[in-house]
Amino acid sequence: MGLNPDGEQADTFEHVDAARLFDTEPGSGSADYLDTAYPDAAHLGPAATNRRRFRKVAWIVVVCLIAALSGTFAAVAPHAASAAIESEGSSGERSEASAVLPVVKPATVVASPASGAKQVNPAAPVTISVKDGTLDRVSLTSARGKTVDGALTPDGLSWTASTPLEFNSSYTFNYTVADTVGRATSKTGSFTTVSTQNEADAAMYPLDGSKVGVAQPLQLTFSEPVVNKAAVEKAIKVTSTSGQVGAFHWFSDTMVRYRPENFWAANSTVTVDLKLFGVDFGNGQIGNFNKTNTFKIGDKKVAVADAVAHTFTVSVNDQQVGQWQDTMGDTRFPSARGYLVLMEKYRVEHMDASTIGLKPGDPAYYGQLDVNYATRLTPSGEFIHQATDAALPYVGVTNLSHGCIGLGPDGAKWVYDNMTTGDVVQVVNTQGDYANFDDGFGDWNIPWAQYAN
């Protein structure tokens, strides 16, 4: 015991029973306890009584604070019902913000093509990527049950298909995605590729594996009009063992040709790498194939047909090998001028005057007849062939044909036996015009600067 500044005894509370301070039963309340513990307090007057009550309230506050800090009232404190606070990583159950625990962001998946997409280009990349999570067990399957190969990155963040899709097909992808605390969810989606009516095809000439002459242009004929011509050209790579560089020339929206500035080098090989699968031709049309074609070039065989000198002179690899007399188109049907490329050959070809607009009664009408050793120069009907029996006396003398180059039996047979598709005849000194671009291969009659533009 000690004295306070007023000369009174100072109370000491080191051993106060906290439970008894909160006992309010009659005879056992905190006031009774204090009266018992300090019997002299009742004789100290009203001031002492007030001080005693103040001390009582103060101790109640102190005890409450001690109880809160020690866990006595844990049952009414948020998130403190258990002795140990679990982390979000251990429980993996929270996805909304709280005062104590962190947020686990939901995994975000992006699929390309998106689920529900239609008219998907089958050459388009197929990928699935995830943010705030990882992928597992990814599959992509067509409606016909064909599985598309693909690979998952080591970190599990993305999957990419490694084989192209098919046209006019429906695909379903399935995958499992887990967020950063391991909660897994299985998902699915589907899309369809470009329909059959939007497939675009192309045919190439010369055919793969064929052998042609030095004047044969490469020709591609498309099943659908090409609007994006630059994209199509970029998808076609032409190389030659001679190292020659050529150019494309579009004759229409469905037909393009390619040739070098000068004739192909004799005995070279030309390779055409067509990467048209997935190429957008325009107007929703998509290329449907990739292919590599190769054709060989033979010896350089060039003939010169002179409509004035009435001669037909042939050279092979720039060396003259023969010259024969000829008869060519008369003034009404002059032979086409310029370069004409040999197209096909017939041992016997049937000819009909009506195909060139002639009718019975016309002085030039010849009816129907067969000719020997015929080599075609134009689809419209110009040939190199053996002159008919009626025309043989005029070979080397005058022009009386309907545009064809007539030779004697020896000359016509030599051309038939020794010249082939892609070899060339240059017609000079004729009154005829150049053949139309779609009437055979008149590419060499177009100046290079114009052709390559």
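Our subject is the structure listed above.
So, how was this worked out
Counting restarts for each chain: residues are numbered from 1 in the order of the written sequence. Only residues with pLDDT of 70 or above have their local features reported here, since the model is predicted, and side-chain atom pairs are shown and tallied only from 80 upward, although totals for entire chains, interfaces and linings are computed over all residues. Side-chain descriptors were evaluated using all non-hydrogen atoms of the structure, hydrogens and water having been removed beforehand. Under the scheme used here, helices are H or I runs from DSSP no shorter than 4 residues and strands are E runs no shorter than 2 residues, and both carry numbers assigned from the N terminus. A 1.4 Å probe rolled over the protein chains alone gives each residue an accessible area, and that area as a share of the maximum for its type sets the label: buried under 20%, exposed over 50%, partly exposed in between. Working rule for contacts: check all heavy atoms of both residues, and any pair within 4.5 Å makes them a contact. In this description, accessible areas are obtained by the Shrake-Rupley approach with a 1.4 Å probe, and a residue is regarded as covered only by the protein chains that are shown. Here, strands pair whenever DSSP counts at least two bridges between them. Each Phe, Tyr or Trp ring, with Trp reduced to its six-membered ring, pairs with another whose centre is within 6.5 Å; inter-plane angles below 30 degrees give stacked pairs, above 60 give edge-to-face pairs, and intermediate values give tilted ones. Here a cavity denotes grid points, spaced 1 Å and computed from the protein atoms alone, that fit a 1.4 Å probe unable to get out, and a pocket denotes an open set having protein on both sides within 12 Å along at least 5 of 7 lines; residues with an atom within 4 Å of a point are the lining. Grid points are joined across faces, edges and corners, and a volume is the space filled by probe spheres set on the points. Following the grouping adopted for this structure description, the nonpolar residues are Ala, Val, Leu, Ile, Met, Phe, Trp, Tyr, Cys and Pro, the charged ones are Asp, Glu, Lys and Arg, and the polar ones are all others, Gly among them. In plain words, nonpolar cores are sets of buried Ala, Val, Leu, Ile, Met, Phe, Trp, Tyr and Cys residues tied together by side-chain atoms within 4.5 Å. Grouping into patches uses exposed residues only, defined as over 30% relative accessible area, and leaves out salt-bridged ones; the cut-off is 9 Å for like charges and 5 Å for nonpolar side chains (Val, Leu, Ile, Met, Phe, Trp, Tyr). The salt bridge definition used is simple: a Lys or Arg side-chain nitrogen within 4 Å of an Asp or Glu carboxyl oxygen.

**Q** Quick one: what's the story with the overall build of the protein, residue by residue and with numbers?
**A** Each helix and strand counted, the protein has seven helices and 29 strands in total. Across the 453 residues in the protein, those meeting the buried criterion constitute 40%. Taking as baseline every contact in the protein between residues at least 6 positions apart, the subset at least 24 positions apart corresponds to 61%. Entry remark: accessible area of the protein is about 24,200 Å², with carbon and sulfur atoms responsible for 53%.

**Q** Can you break down the sheet that holds strand 19 (residues 285-287) residue by residue, with the values?
**A** Reading across the sheet, the three strands line up as 10-19-18 and stay open at both edges, with mixed pairing between neighbours. Each of the sheet's edge strands pairs with one partner strand only, and the pair in question is strand 10 (199-200) and strand 18 (280-282).

**Q** Could you give me a rundown of the packing of aromatic side chains, with the residues and numbers involved?
**A** Given two aromatic rings, one states the distance between the centres and the angle between the planes to describe the pair. Summed over the entire model, instances satisfying the criterion amount to 17 aromatic pairs. Look at F222 and W250: their rings are 5.7 Å apart centre to centre, the planes differ by 20°, and that puts the pair in the stacked class. Taken together, the residues F222 in strand 13 (residues 218-222) and W250 in strand 15 (residues 246-252) connect sequence positions 28 residues apart. By relative accessible area, which is 18% here, W250 ends up buried. Taking 5.2 Å as the distance between ring centres and 15° as the angle between the ring planes, the aromatic pair formed by F251 and F437 counts as stacked. Taken together, the positions of F251 in strand 15 and F437 in the loop between strand 29 (424-428) and helix 7 (448-451) put the pair 186 residues apart, joining distant regions of the chain. Of the residues examined, F251 reaches a relative accessible area of 13% and is grouped as buried. Taken together, Y171, F173, Y175 and F191 form an aromatic cluster joined through their ring pairs.

**Q** I'd like a rundown of the layout of surface pockets, residues and numbers included.
**A** Volume-wise, the largest pocket comes out at about 660 Å³. Lining of the largest pocket is provided by 30 residues; of these, M351, Y366, H385, H402 and C404 occupy positions nearest its centre. Going through the elements one at a time, strand 25 (345-352), strand 26 (368-376) and strand 27 (383-386) are the ones with two or more residues in the lining of the largest pocket. Counting residues per element, the lining of the largest pocket draws most heavily on strand 25, which supplies four residues. In terms of residue class, the lining of the largest pocket is made up of 15 nonpolar, eleven polar and four charged.

**Q** Can you break down the nonpolar core residue by residue, with the values?
**A** Among the nonpolar cores identified, the biggest contains 35 residues, and F222, V232, I236, V238, V272, L276 and F281 are the most heavily contacted of them. Breaking this core down by element, the ones donating at least two residues are strand 11 (202-205), strand 13, strand 14 (236-240), strand 15, strand 16 (255-260), strand 17 (269-275) and strand 20 (290-297). Discounting residues that sit within four places of it in the chain, V272 has contacts with M204, L218, I236, K237, V238, K291, T292, N293 and F295.

**Q** Outline a nonpolar patch on the surface, supporting the account with residue identities and numerical values.
**A** Together, Y394, V397 and L400 make up a nonpolar patch on the protein surface, roughly 250 Å² of accessible area in all. The residue V397 is located in the loop between strand 27 and strand 28 (405-407) in this model.

**Q** Tell me about the pairing of strand 21 (residues 301-306), and please be specific about residues and values.
**A** Summarising burial for strand 21: five of the six residues are buried, a large majority. Between strand 21 and strand 22 (residues 311-316), which pair antiparallel in sequence order, lie four residues; one of them, H310, sits at a positive phi of approximately 60°. Of the strand pairs in this sheet, strand 21 and strand 29 are connected by five bridges, and their pairing is parallel. For V302, the partnering residue across the bridge sits in strand 29 and is V424.

**Q** Explain the pattern of salt bridges to me, and be specific about the residues and the numbers.
**A** Counting across every chain of the model gives eleven salt bridges. With its nearest N and O atoms 2.8 Å apart, the salt bridge here joins R257 to D443. Placement of the pair is R257 in strand 16 and D443 in the loop between strand 29 and helix 7, with a sequence separation of 186 residues. By relative accessible area, D443 is classed as buried at 0%. D417 is the salt-bridge partner of K413, the closest N and O atoms lying 2.7 Å from each other. Of this pair, K413 and D417 both sit in helix 6 (residues 409-418), separated by four residues, roughly a single helical turn. The class of K413 is partly exposed, set by a relative accessible area of 38%. When salt bridges that share partners are traced, they join R144, K146 and E166 into one network.

Geometry only, nothing functional implied.
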